[in-house]
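Overview (structure and organization)
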Amino acid sequence: MTIQNLKFEQITDPEEIKLTHLHNGDTWKGTLDLGGYVEREHLLGTTGIAKKQEQIEVQRKYPELASWLGIRYFALKQDDRIVSSCETLTRLGYYISSSSHSGIDTNLVVCLGAVFTPAKYRGKGYASSLLQKLLQFYDNARDTPDAPPGVKQMVLTLYSEVGEYYKQFGFHSVHVPVHRITQVDAFLKYYCKDYAEMPGEPLDEKSYNELVRLQNEGFREHMWLQHKSHPHSYIFTVKSDADIYAWFNARDKFILQKTHQATPEVLKFGFVLNDKSHVLWHHSWGESTLILVKIYIHPHSLSKESDIVKELFAHAVMETKSTGLKRIEFWDEDIPIKKFPILFKALSDLEHDSMVYAENHSLSAVRPPPQYNIDDVIWDNNGKYCWF
């Protein structure tokens, strides 16, 4: 059977979706066994971010975009056998360009993930065919004459574990370095100076909506600044969303439950100061790493920014120690370390160069709307919270 005769389709049958996870589980299961991995993927597929299109408030507020949101599963089939598969998670974003007439508008940001071909089907071009047909599916939606602006301005992103493979499909890599703290005790004393003295409290998961509102206000303000500096550029960002943080937490709790690791009775997912500056994190149990998903400094507290960053890092260190994790990791887009000379010096003094600027194994890439030159595209706030 030729590549041309293969069938590409969106799959919704739970058993077919389960089969794709059985196919790719040995590669991505981490510390879970295969059954646990399949169970986790099913759970994550039922979370709020995966089912965003079903939320009444979202349908009311974004009637032209809501049906596109959430997770979709795609497969390439030979006869009735799945020979390659992938998933997409579509979220809301913001964009502004030289042709924007109403300032910052809302668009769709489609993140492509879980591209997988079982070993017995490899070397036949199935993954390439799958991707070509997937991109055609989204391009056709964007090119429909009566498509709403948010669809026409759709951006596709991904996080590659196979280097520049996706360049052939129009994706442009945007490398974001990561920073790793392995000497957590020394870091606490040397940089944080045993902080954790500012008033605040551990994150209450019910307070995400307020924090997300503040984050999105900050995103929009920063996009305006970017637009003033780059008036001819297409600038986009992924909107912050309480449901993506809940997705990280669900993943976190599930792995903890399945691997029976010894941790405090109450698991913390961040810390919020009284001024609403905050740090949100994710426990990567398999890598023994606390990953900082988002750090936010309230604009009213920018005069104390360096002290607040120290304070938030101190709480991250204490969470790392209390859960038995070994290191901390954060993306440069969230905390650009050269903006904080004392932080940069502490990392440089304590860590090997390979940790100060570590390789990000999730290589982010973007495929913008075709009317924009890739050199004029800015992905603002390309941090861990965008990851899928």
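Anything mentioned here points back to the structure above.
Each value, and the rule that gives it
- Residues numbered from 1 in each chain as written.
- Predicted model: local features only at pLDDT ≥ 70, side-chain atom pairs only at ≥ 80, totals over all residues.
- Heavy atoms only, no water.
- Helix = DSSP H or I, 4+ residues; strand = E, 2+ residues; numbered from the N terminus.
- Expected span 1.5 Å × (residues − 1).
- Buried < 20%, exposed > 50% of the residue type's maximum accessible area, 1.4 Å probe, protein only.
- Contact = heavy atoms within 4.5 Å.
- Polar contact = N/O pair within 3.5 Å; in protein donor to acceptor, adjacent residues only side chain to side chain.
- Axes fitted to C-alpha atoms, helices over the stretch in contact; angles between N-to-C directions.
- Parallel < 35°, antiparallel > 145°, perpendicular 65-115°, else oblique.
- Left-handed = near helix turned anticlockwise from the far one by under 90°.
- Nonpolar A, V, L, I, M, F, W, Y, C, P; charged D, E, K, R; others polar.
- Phe/Tyr/Trp six-rings, centres within 6.5 Å; stacked < 30°, edge-to-face > 60°.
- Lys NZ or Arg CZ within 6 Å of the ring centre and 35° of its normal.
- Pairing = 2+ DSSP bridges.

What follows deals with helix 7 (residues 208–229). Between the first and last C-alpha of helix 7 there are 31 Å, a value that for 22 residues agrees with the 32 Å anticipated at 1.5 Å per step. Within helix 7, the full set of buried residues consists of Tyr208, Leu211, Val212, Leu214, Gln215, Asn216, Phe219, Met223, Gln226 and His227.

It is worth spelling out helix 2 (residues 34–44) at this point. An α-helix turns once per 3.6 residues; consequently, residues spaced three or four apart project the same way. Taken together, the buried positions of helix 2 are occupied by Gly36, Tyr37, Val38, Arg40, Glu41 and Leu44. Looking at the packing, one finds that the buried side of helix 2 touches helix 1 (14–28) and helix 8 (242–259). Of the residues that open helix 2, the one with a side-chain oxygen 3.3 Å from the backbone nitrogen of Gly35 is Asp33.

Where the residue is not glycine, phi is negative for most of them; where a peptide bond is considered, it is trans in most cases. Backbone geometry at Ala114 places phi at a positive 55 degrees, although glycine is not the residue there. Examined against the element boundaries, Ala114 turns out to sit in strand 4 (residues 105–116).

Contact geometry for helix 1 and helix 2: axes closest at 9 Å, N-to-C directions at 125 degrees. Classed by the angle they form, the pair helix 1 and helix 2 counts as oblique. Considering the relative orientation of helix 1 and helix 2, their crossing is right-handed. In this structure, helix 1 contributes Lys18, His21, Leu22, Asn24, Gly25, Asp26 and Trp28 to the contact, and helix 2 contributes Leu34, Tyr37, Val38, Arg40 and Glu41. Residues belonging to the contact of helix 1 with helix 2 are distributed by class as follows: five nonpolar, three polar and four charged.

Turning our attention to the packing of aromatic side chains. Inspection of every chain in the model, using the stated rule, returns 27 aromatic pairs. Residues Phe313 and Phe330 carry aromatic rings whose centres are separated by 5.2 Å and whose planes lie at 70 degrees to one another, so their mutual orientation is edge-to-face. With Phe313 in helix 9 (residues 305–322) and Phe330 in strand 13 (residues 327–331), the pair connects residues that are 17 residues apart, well separated along the chain. Of the two residues, Phe313 and Phe330, both sit in the buried class. Taken together, the ring pairs connect Tyr95, Tyr159, Tyr234, Phe236, Trp331, Tyr372 and Trp379 into an aromatic cluster. Sitting over the face of the ring of Tyr190, Lys193 holds its NZ or CZ atom 5.8 Å from the ring centroid.

On to the environment of Leu89, then. Here Leu89 is to be found in strand 3 (residues 81–96). Given the relative accessible area of 2%, Leu89 is considered buried. Along the backbone, Leu89 and Cys111 are 22 residues apart, and their C-alpha atoms lie at a distance of 5.2 Å. Filtering out sequence-adjacent residues up to four positions away, Leu89 remains in contact with Ile49, Ala50, Gly70, Ile71, Val109, Val110, Cys111, Ile244 and Phe388.

All right, on to the sheet that holds strand 10 (residues 270–273) then. Ordered in space as 7-13-12-11-10-8, the six strands form an open sheet in which the pairing is mixed. Edge positions in the sheet fall to strand 7 (178–181) and strand 8 (200–202), since each has one partner strand and no second. Within the sheet, the average angular offset between the axes of one strand and its neighbour, ignoring direction, is 20 degrees. Relative to strand 12 (residues 289–296), strand 11 (residues 278–284) runs antiparallel, the two being bridged by seven bridges. Within strand 12, the position partnered with Leu280 by the bridge is Lys294. Against the sheet, helix 7 touches strand 10, strand 11 and strand 12, its axis set at about 110 degrees to strand 11.

Topologically, Glu16 is positioned in helix 1. For Glu16, a relative accessible area of 18% corresponds to the buried category. Residues within four places of Glu16 in sequence aside, it is in contact with Glu9, Ile11, Lys77 and Ile82.

It is the contact of helix 6 (residues 184–192) with helix 9, at a shortest axis distance of 10 Å, that shows an interaxial angle of 160 degrees. Looking at the two axes, helix 6 sits roughly antiparallel to helix 9. Crossing hand, helix 6 versus helix 9: left-handed. For the pair helix 6 and helix 9, the contacting residues are Val184, Asp185, Phe187, Leu188, Tyr191 and Cys192 in the first and Ser306, Val309, Lys310, Phe313, Ala314, Val317, Thr320 and Lys321 in the second. Residues that form the contact of helix 6 with helix 9 fall into these classes: nine nonpolar, two polar and three charged.

Geometric values such as these leave the question of function open.
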